[in-house]
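Now for the letters of each chain:
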Amino acid sequence: MTEAFATLNGMRILQYHNITPASFFAPYDPQLFRLASLGRRELATLAGCVDLALGDSEFNRSELEALGFPRTGVLPIAVDTERLTSAPPSPALERILGDGLINVLFVGRIVPNKKIEDHIRLAELYKRYIDSYYRFIFVGRADAVPAYYAQIRALVAEFDNLPERFWFTGAVNDADLAAFYRWADVYVSLSEHEGFCVPLVEAMAADVPVVAYAAGAVPETLGGAGLLFSPKDLEVAAELLGSVVYDLDVRQRVLEGQRRRLQDFTPARFESRLRSVIGAVADARERVSHASGPGPGTPAGQS
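Summary of the structure given here. Predicted model only: the values in this text are computed from it and were never measured.

## Considerations on the packing of aromatic side chains
Throughout the structure, instances matching the rule amount to 12 aromatic pairs. The interplanar angle of 65° and the centroid separation of 6.3 Å between the aromatic rings of Y134 and F166 together place this pair among those described as edge-to-face. A residue pair is termed long-range when its members are at least 10 positions apart, and Y134 in strand β5 (residues 134-139) and F166 in strand β6 (residues 166-170) qualify at 32 residues. Taken together, a centroid distance of 6.5 Å and an interplanar angle of 20° make the contact between Y181 and Y187 stacked. With a relative accessible area of 1%, Y181 lands in the buried category. Cluster of aromatic residues (ring-pair linked, three or more members): F106, F138, Y149 and F168. Its guanidinium or amino end placed over the ring of Y134, R165 lies 5.6 Å from that ring's centre, counting from NZ or CZ.

Written as structure tokens, this is what we have:
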């Protein structure tokens, strides 16, 4: 598809959501390592073949610029939060989630760059320093990198944790996903590579306070909201987790900041950005048309 795209007639626009660096897959899956490496090499071949290259974050745009794309911009992902905020109840699931344990949520594939092992270590520190009434919930496919998932399950067993306190749900429908957000006490991201991170926007829309490691585009997506930390000190993360769960003043301040940030992801804001991009493309096309002049046999003014 890369080669075919590069040869299409007319103006070509690339929208880049990032490719996970291959190094994350190297210890677990040679095939994914090869595909990720190939993807990044193919991306570089498009540098002279597109009229506009858009990243869904400044983090991604700067990567495109470093690869030699001459015209770049930012067009964030249009996140459909209404599918979660307007989802119907899921009574059976919500009875489980409402059993009194603190629900610590993560949404995404169980893959190495997400650093799920750090969530397991965080749970151990949370149990040691804060309290033991918790449940870490991982919503998303667990079969993408089987060797990595097996390592995660082994780590749970190594810490001698109660297995039911770590819930790997697999893929879920929108109604169940909405229930997980609705009953989450806090959303945690410990990922070490994110090109945008849609679940952060979903968590803000569901009014779930976010604690996140400041990696990749995470600080940009949160835009000053949530509780960010760096360097990756999991004892600090455990303290932040405890404060946002049990300190009502801290929790309220975090939620207020997230509600303000969420206004930057409304459909009206996205439409405004999209119109700006379309306007820039139209201007570029007009400049190209004027520069080339009327074709052979074309009356002046009708090119």
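## Considerations on the environment of V218
Its location among the elements puts V218 in helix α10 (residues 218-222). Here V218 falls in the buried class, since its relative accessible area comes to 0%. When the C-alpha atoms of V218 and A154 are compared, they prove to be 28 Å apart, with 64 residues separating the residues in sequence. Those residues within four positions of V218 in sequence are excluded, and the remaining contacts are S189, E194, L200, A212, Y213 and L228.

Cut-offs applied
Along each chain, residue indices are assigned from 1 in the same order as the chain's sequence is written. Reporting of local features is limited, given that this is a predicted model, to residues whose pLDDT is at least 70; pairs of side-chain atoms are given and counted only at 80 or more, and all residues count toward the totals for whole chains, interfaces and linings. As a rule here, side-chain values come from all non-hydrogen atoms in the structure, and water together with hydrogens is ignored. Think of it this way: a Phe, Tyr or Trp ring, Trp meaning its six-membered ring, pairs with another when their centres are within 6.5 Å, and the plane angle makes it stacked under 30 degrees, edge-to-face over 60, tilted otherwise. In DSSP terms, a helix is any run of H or I states spanning at least four residues, a strand is any run of E spanning at least two, and both are numbered starting from the N terminus. Only protein chains enter the accessibility calculation, which uses a 1.4 Å probe. A residue is then buried if its area is under 20% of the maximum for its type, exposed if over 50%, and partly exposed in between. Any Lys NZ or Arg CZ that is within 6 Å of a ring centre and within 35 degrees of that ring's normal is treated as a charge sitting over the ring. The criterion used for residue contact is that any of the two residues' heavy atoms lie within 4.5 Å.

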